[in-house]
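Structural overview
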Amino acid sequence: MSKPQNAPGDVRSKSLVDYLNDENVRAVLYQIIAIGLVILAGWYLVSNTLHNLEKQNISTGYGFLDLEASFEISETMIDYSAKSDYASALIVGLLNTVKVSVLGIVLCTIIGIIFGIARLSSNWIVRKLATVYVETFRNIPVLLQLFFWYALIPAAFPHPRDALEPLPGVLLTSRGMYLPVPLADNAYTLMGIAAIIAFVAIYFIKKWATKRQDATGQPFPMLLTGIGIFVGLVFLAYLIGGAPTELSTPALKGFNIQGGYNISPEFMAVLIGLTVYTSTYVAEVVRSGIQAVSSGQWEAADSLGIKRSVALRKVILPQSMRVAIPPLTNQYLNLTKNSSLAVAVGYPDLVSVSNTTMNQTGQAIEAISIFMSVYLGLSLLTSLFMNWFNNKMALVER
Amino acid sequence: MTQPASTAPITPSFITVDGLTKQFGTTVALDGVDLRLAKGETLAIIGPSAAGKSVLMKCLVGIYGADRGSIILDGDDVSKPNADKRPEWASKIGMLFQQNALFDSLTVWENICFRQIELGTMNRSQAKAHAIDLLGHVGLAEESATLSPSDLSGGMQKRVGIARAISSDPALLLLDNPTAGLDPVLSNHIELMITKIAEQRGTTVISITNDMQIARHRYQNLMMMHNGKVYWSGPTGTIDDAHNDHLTQMLKGSSHGPITMRAGKRDDGVYA
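Cut-off values and rules
Residues numbered from 1 in each chain as written. Chains lettered and ligands numbered in written order. Predicted model: local features only at pLDDT ≥ 70, side-chain atom pairs only at ≥ 80, totals over all residues. Heavy atoms only, no water. Helix = DSSP H or I, 4+ residues; strand = E, 2+ residues; numbered from the N terminus. Buried < 20%, exposed > 50% of the residue type's maximum accessible area, 1.4 Å probe, protein only. Contact = heavy atoms within 4.5 Å. Areas by Shrake-Rupley, 256 points an atom, 1.4 Å probe, with all protein chains shown as cover. Rg over C-alpha atoms; globule rule 2.2 N^0.38 Å. Lys, Arg positive; Asp, Glu negative; His and termini not counted. Charge placed at Lys NZ, Arg CZ, Asp CG, Glu CD. pLDDT = per-residue confidence, 0-100. Pairing = 2+ DSSP bridges. Axes fitted to C-alpha atoms, helices over the stretch in contact; angles between N-to-C directions. Parallel < 35°, antiparallel > 145°, perpendicular 65-115°, else oblique. Left-handed = near helix turned anticlockwise from the far one by under 90°. Phe/Tyr/Trp six-rings, centres within 6.5 Å; stacked < 30°, edge-to-face > 60°. Lys NZ or Arg CZ within 6 Å of the ring centre and 35° of its normal. Core = buried A, V, L, I, M, F, W, Y, C linked by side-chain atoms within 4.5 Å.

1. Topic: the overall build of chain B
Helix and strand counts for chain B come out as nine helices and ten strands. Here chain B holds 272 residues, and 52% of them are scored as buried. A separation of at least 24 residues holds for 67% of the contacts in chain B among residues at least 6 apart in sequence. About 11,600 Å² of surface is accessible on chain B, with carbon and sulfur atoms providing 51% of the total.

Take a look at the structure:
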């Protein structure tokens, strides 16, 4: 649609109406109005909130973080007691969230890949079992699944008095699982350092070996060398550290079990629930990824006399990864975010600890802002890592 | 197999296909295909799409098992699946796929020697040296060995596909539309290269093509397929002009209904 009166260069007769009809002027004007409205709304909300808080005599700010928390947390990965401050309590909650999320991501990936492949199996029973697993756990809300596992564990396992002992030193009770752990000793720190040194050494030897093979064609027994270096160095550190053998074994004392490492029923319920639920989605992602690889790739491998299992590992899975990584990232993010449902079964994750903090201090906005930023941060970190991984794995389309 | 006494002098047959039938659901892809080829002979298969040309090739290479009929390759019946013999049979056959079907998860040299690496007949450094040697045969530089197939142009991918097909020095080379999608100069070059490689190694070649000129001038035998059946076959020299016109018309996808067979011209696919 041409408007001769607005043609470029025509500046003779421009009234206000002409300006308002000018497309360029309008575009800028609308944006100014939109931004103005957003700022206005934000200012209204913030000032209103501050005003209301002031009226209720609630102080704002993050000063409460230094106060004594005065509540206990049932499972902590760092030193914590009721005398610690709120900041420590929140860090304990964060670490618990990270612990269950990281373990959940690792486990759901392994289980998901197995079931994803099983759904495409040529064996009828395997295929149907995988379908039943996926369709059952995918279609029940994850919150209800957490309730289910949390109800099941105390009901399915005996009282500590009659604890099951499937392996020597491992106890299964209605209060969770107990594992024997080595008593703290400097040797273990030393072994950790040795392991890191071994990894660095293996990395550089691998680089050197690849370079040499490319140049001279001489292969290098990397796997054996790697295992040798790792086992050797770690064992050496163990010996230098005095070869400690003392274990803390769980045992019944009074009404409860003392010693060892306790995996609580809450933690198990959250971990199993999140893992099972998310693994069904991972299975679907893996299945669609495999099906997205053209059948010509299977046929080409077959024409070379290569077994299907080898073709799957060397040809199909690596190519399906490039389709699977973006939706896999979504599932990892979902698992991390769903871990906030742990509050429903009493696992002391970040949300649970924040809720207690909120109730005690009344600093609802601050506490919520903390856990929202933390989840945002965790998700962005996961995304960044997966984007990096995707760039590394993704191959250019044919 | 008893050879009909009336036709041609008797030479040992390298491939004998008898009454090969393959169905997918209710669709009959191959309907009683016969084929006989001696060692070192070349055959071009032509026919409209969905004629069963590619299915025949996939049966020959063992991707599909036969529903009925037999495929005798070098004395073994390869038409029924046999997991133990599969690698041995497969090493006698090299196949070039229409879309090349190179493995994007592997480098060019790993693609070429995938079977040697996976079946353990060569270690990685031997396989790489072998792959680089083959790259020379198909006119590619050594530098391309470590690239990914997706980094290569269509013509280069075709060459890598050929290198992979000949990597086990197969007695039988199957080519599914080796020049499809290439410009005329390049396709001529590729055809010449295949002819040269086959002559040097005494390879039996079966090639699917849509180019009547290439089929007539580069191949000793011609097989025309339609609706899963062999419609006409014989040495290329025996095609007369009437046939040629008919075949050409057929390739162009004649819309005059099903093509009727000319009496007395079908010869049961027996060559040699």
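Read on, since the account is not over.
2. Thoughts on the overall build of chain A
Within chain A, the secondary structure is distributed over twelve helices and eight strands. The C-alpha atoms of chain A give 29 Å as radius of gyration, which overshoots the globular expectation for 398 residues (21 Å, by more than 25%). Dimensions of chain A, computed from the C-alpha atoms along their principal axes, are close to 95 × 75 × 50 Å. Every one of the 398 residues in chain A was classed for burial, and the buried ones make up 36%. Intrachain contacts of chain A at a sequence separation of at least 6 include 65% that bridge at least 24 residues. Of the accessible surface of chain A, which amounts to about 23,400 Å², a share of 67% is contributed by carbon and sulfur atoms. The averaged location of the 24 negative side-chain charges in chain A is 13 Å from the averaged location of its 27 positive side-chain charges.

3. Section: the confidence of the model for chain B
All names here are of chain B. Per-residue pLDDT for chain B has a mean of 81; in total, 84% of the residues score no lower than 70. Least confident of the elements in chain B is helix α9 (residues 241–251), whose mean pLDDT is 66; most confident is strand β8 (residues 204–208), at 93. In this model, residues 1–9 is a region of pLDDT below 50 whose contacts with residues beyond four sequence positions or in other chains number 13 contacts. Here residues 254–272 scores under 50 on pLDDT; set against residues more than four positions off or in separate chains, the count is 47 contacts. Scored as a complex, the prediction yields pTM 0.74 and ipTM 0.82.

4. Quick word on the pairing of strand β1 (residues 13–24) of chain B
Residues and elements named next belong to chain B. Note: β1 against strand β2 (residues 27–38), eight bridges, orientation antiparallel. By the bridge assignment for β2, phenylalanine 24 is matched with threonine 27. Counting the residues that bridge the hairpin from β1 to β2 gives two residues, and of these glycine 25 lies at a positive phi of roughly 60°.

5. Notes on the packing of helix α5 (residues 142–156) of chain A against helix α8 (residues 265–292) of chain A
Residue and element names in this part refer to chain A. For the pair α5 and α8, interaxial distance at closest approach is 8 Å and the crossing angle is 140°. Relative to α8, the element α5 is oriented oblique. Viewed along their axes, α5 and α8 form a crossing whose handedness is right-handed. Note on element contacts: α8 touches α5 through Pro265, Glu266, Met268, Ala269, Val270, Ile272, Gly273, Leu274, Val276 and Tyr277, opposite Val142, Gln145, Leu146, Trp149, Tyr150 and Ile153.

6. Quick word on the packing of aromatic side chains
Following the criterion strictly, the structure yields 14 aromatic pairs over all chains and no others. Arranged with centres 5.0 Å apart and planes meeting at 70°, the rings of phenylalanine 24 of chain B and tyrosine 64 of chain B form a pair that is edge-to-face. Residue phenylalanine 24 of chain B is found in strand β1, and its partner tyrosine 64 of chain B is found in the loop between α1 (53–61) and β4 (68–73); the two are separated by 40 residues along the sequence. Judged by its relative accessible area of 21%, tyrosine 64 of chain B is partly exposed. Residue placement shows lysine 99 of chain A over the ring face of phenylalanine 267 of chain A; its charged tip is 4.7 Å from the ring centre. One residue, arginine 308 of chain A, lies across the ring of tryptophan 298 of chain A, its end atom 4.2 Å from the ring centre.

7. A few points about the pairing of strand β1 (residues 164–167) of chain A
Residue and element names in this part refer to chain A. Where β1 meets strand β2 (residues 170–173), two bridges bridge the pair, whose relative direction is antiparallel. Looking at the pairing, leucine 167 lines up with valine 170 of β2. Where β1 folds back onto β2 in an antiparallel hairpin, the turn is made up of two residues, including glycine 169, whose phi is positive at roughly 90°.

8. Comments concerning the sheet that holds strand β8 (residues 261–263) of chain A
All names here are of chain A. Here four strands make up an open sheet; going across it, the order is β1-β2-β3-β8 and the pairing antiparallel. Single-partner strands in this sheet number two, and they are β1 and β8. Taking each pair of neighbouring strands and ignoring which way they run, the sheet shows an average axis angle of 25°.

9. Side note on the nonpolar core
Across soluble globular proteins, nonpolar side chains show a tendency to be buried alongside one another. Counting 81 residues, the largest nonpolar core has Ile15, Leu20, Leu56, Leu174, Ile206 and Met223 of chain B as the members making the most contacts within it. Of all the elements, α8 of chain A adds the most residues to this core, at 13 residues. Non-local contacts of isoleucine 206 of chain B, meaning those with residues more than four positions away in its chain, are made with Ile15, Leu35, Leu37, Leu43, Ile45, Met57, Leu60, Leu172, Leu173, Leu174 and Leu175 of chain B. Grouped together as the second largest cluster of nonpolar side chains are 41 residues, Leu96, Val160, Tyr219 and Trp232 of chain B included.

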